[in-house]
Amino acid sequence: MADQTEVTGPQTDAGSAPGREPGTDRAPAGEPRPVRPALSPSRAGDFMQCPLLYRFRVVDRLPEEPSPAAARGTLVHAVLERLFDQPAAERTIDAAVALLEPQWAALVDREPELAELLGDDGPDEQTWLADAAELVRRWFALEDPTRLEPAERELYVEAEVDGLTLRGYIDRLDEAPGDLLRVVDYKTGRSPSELFEAKALFQMKFYALVLWRTRGVVPRMLQLVYLGNSEIVRYEPDESDLLATERKVKALWQAIERAAVSGDWRPHRTKLCNWCSFQSLCPEFGGTPPELPAHAIGLALDPDRSGEVGPAED
């Protein structure tokens, strides 16, 4: 991050934040002091899906139990990344499947709580690993890793757009002569219906926008690889697409600022609510959110929170 200057709250037309004198350059003691605003595609997607979901994840930091399915997605991502460490001729199905157990051991070593997902009340480990192996095998029917030489894997990207830092991780970036770029994202679930496809494409356009702003090149292809039902979704963006994405991202950030200042994090009910971890706290389902924490405005706009990224987001 280039600019580490402290800011005193959301830079909006709504006025200064409660608890601060207009024009001051210091936040009250103990309040987070965000630097340049930042946004990741995950947190942008949360707000688009449901402002209350954004609040629960960014402001309240409510815990979410890891799931066996999410852990399997992380594992498969790790295997597909590590397979390219092998010479091209050795990137076989057997070699990929053989990576599952050591990669799982490495994940558990970093996050020991993952081990508790399997056995007892969870799925049997061998059955769970067999399901992961099936996803890996499906990938070989969609792409041939012996003919691929990724330019980057798990690539962290970051760009500034009018004072807003955009950041994220790209699963794979392929490059061909002539600055031809292909952005590839692995999904271990099934391809979405047309109703929800736009959300997945927004994430890819977000990455394409960052690459365009940092490299001056519009990626030729955005490719989503869905292992759950063995489908590839491809999209060819152009400058008008990415300019529209840029406008959308800036508008999203302005909406987040307005919600932070007003404290109005209203829920938005959709079919995606069926998979939400926070139904018991959501007014749409008869729940009551916790009281907003102290310094909620600063927390909502803290770049470490709003710009939170992690490899292998599925």
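Thresholds applied
Residues numbered from 1 in each chain as written. Predicted model: local features only at pLDDT ≥ 70, side-chain atom pairs only at ≥ 80, totals over all residues. Heavy atoms only, no water. Axes fitted to C-alpha atoms, helices over the stretch in contact; angles between N-to-C directions. Helix = DSSP H or I, 4+ residues; strand = E, 2+ residues; numbered from the N terminus. Parallel < 35°, antiparallel > 145°, perpendicular 65-115°, else oblique. Left-handed = near helix turned anticlockwise from the far one by under 90°. Contact = heavy atoms within 4.5 Å. Nonpolar A, V, L, I, M, F, W, Y, C, P; charged D, E, K, R; others polar. Phe/Tyr/Trp six-rings, centres within 6.5 Å; stacked < 30°, edge-to-face > 60°. Buried < 20%, exposed > 50% of the residue type's maximum accessible area, 1.4 Å probe, protein only. Expected span 1.5 Å × (residues − 1). Arc of directions from axis to C-beta. Polar contact = N/O pair within 3.5 Å; in protein donor to acceptor, adjacent residues only side chain to side chain. Salt bridge = Lys/Arg side-chain N within 4 Å of Asp/Glu carboxyl O. Pairing = 2+ DSSP bridges.

(A) Quick look at the packing of helix 3 (residues 68-82) against helix 5 (residues 100-110). At their nearest, the axes of helix 3 and helix 5 sit 9 Å apart, and the two run at 120 degrees to each other. The orientation of helix 3 relative to helix 5 falls into the category oblique. Between helix 3 and helix 5 lies a crossing of right-handed hand. Along its contact with helix 3, which presents Ala71, Thr74, Leu75, Ala78, Val79 and Arg82, the element helix 5 presents Leu100, Gln103, Trp104 and Leu107. Looking at the contact of helix 3 with helix 5 residue by residue, the classes come out as 7 nonpolar, 2 polar and 1 charged.

(B) The packing of aromatic side chains, seen in detail. Following the criterion strictly, the structure yields 10 aromatic pairs and no others. Here Tyr54 and Trp265 contribute two aromatic rings whose centre-to-centre distance is 5.5 Å and whose plane-to-plane angle is 15 degrees, an arrangement assigned as stacked. Taken together, the positions of Tyr54 in helix 2 (residues 51-59) and Trp265 in the loop between helix 8 (239-262) and helix 9 (296-301) put the pair 211 residues apart, joining distant regions of the chain. Relative accessible area serves as the criterion here: at 6%, Trp265 is assigned to the buried category. Judged by centre distance (5.2 Å) and plane angle (75 degrees), the ring pair of Trp139 and Phe140 falls under edge-to-face. In this structure Trp139 comes out as buried when scored by relative accessible area, which is 0%.

(C) The arrangement of the environment of Ala208 in detail. If you trace the backbone, Ala208 turns up in helix 7 (residues 194-215). Sequence separation of Ala208 and Asp241 is 33 residues, and the distance between their C-alpha atoms is 9.7 Å.

(D) Focus on helix 1 (residues 41-49). When you tally the buried positions in helix 1, you get 8 out of 9 residues, the bulk of the element. Within helix 1, the full set of buried residues consists of Pro41, Ser42, Arg43, Ala44, Gly45, Asp46, Phe47 and Gln49.

(E) A look at helix 6 (residues 125-142). Between its first and last C-alpha, helix 6 extends 26 Å over 18 residues, near the 26 Å set by a 1.5 Å rise per residue. Residues Trp128, Leu129, Ala132, Ala133, Leu135, Val136, Trp139 and Phe140 constitute the buried set of helix 6. For helix 6, the arc enclosing every buried residue in end-on projection is 155 degrees, short of the 170-degree limit, so these residues lie on one face. The residue sitting at the N-terminus of helix 6 and contributing the capping side-chain oxygen is Asp124; that oxygen lies 3.1 Å from the backbone nitrogen of Gln126.

(F) Here's a closer look at the packing of helix 5 against helix 6. Running from N to C, helix 5 and helix 6 point in directions that differ by 115 degrees, and their axes come no closer than 11 Å. As for how helix 5 packs across helix 6, the hand of that crossing is right-handed. For the pair helix 5 and helix 6, the contacting residues are Leu100, Glu101 and Trp104 in the first and Glu125, Gln126, Trp128, Leu129, Ala132, Ala133 and Val136 in the second. Grouping the amino acids of the contact of helix 5 with helix 6 by side-chain chemistry returns 7 nonpolar, 1 polar and 2 charged.

(G) Structural detail: unusual backbone geometry. One non-glycine residue, Glu154, adopts positive backbone phi at about 45 degrees. Structurally, Glu154 can be placed in strand 2 (residues 152-161). Residue classification places Glu154 among the buried positions, given a relative accessible area of 14%. The backbone of His295 sits at a positive phi, close to 60 degrees, despite the residue not being glycine. Relative to the assigned elements, His295 resides in the loop between helix 8 and helix 9. By relative accessible area, which is 32% here, His295 ends up partly exposed.

(H) Geometry of the pattern of salt bridges. Taken as a whole and assessed by the stated rule, the structure comprises 21 salt bridges. A salt bridge links Glu246 to Arg213; its shortest N-O distance comes to 2.9 Å. Here Arg213 lies in helix 7 and Glu246 lies in helix 8, a separation of 33 residues in the sequence. On the accessibility criterion, Glu246 (10% relative accessible area) is buried. Judged by its relative accessible area of 38%, Arg213 falls in the partly exposed class. Put simply, Arg43, Asp46, Arg57, Arg61, Glu64 and Glu308 are held in one network by salt bridges that share partners.

(I) Geometry of the pairing of strand 5 (residues 221-226). Counting buried residues along strand 5, 6 of its 6 residues qualify, which places the element largely inside the surrounding structure. Side chains of strand 5 alternate between two faces, with Met221, Gln223 and Val225 and Leu222, Leu224 and Tyr226 buried alike. As defined by bridge partners, strand 4 (residues 180-187) adjoins strand 5 across 6 bridges and the pair is classed as parallel. When the bridges of strand 5 are listed, Arg182 appears paired with Met221. By the bridge criterion, 5 bridges tie strand 5 to strand 6 (residues 231-235) in an arrangement that is antiparallel. Bridge pairing links Leu222 to Tyr235 in strand 6. Linkage of strand 5 to strand 6, two consecutive antiparallel strands, is achieved through a turn of 4 residues, within which Ser230 is found at a positive phi near 55 degrees.

Treat this as a map of the structure, not an account of what it does.
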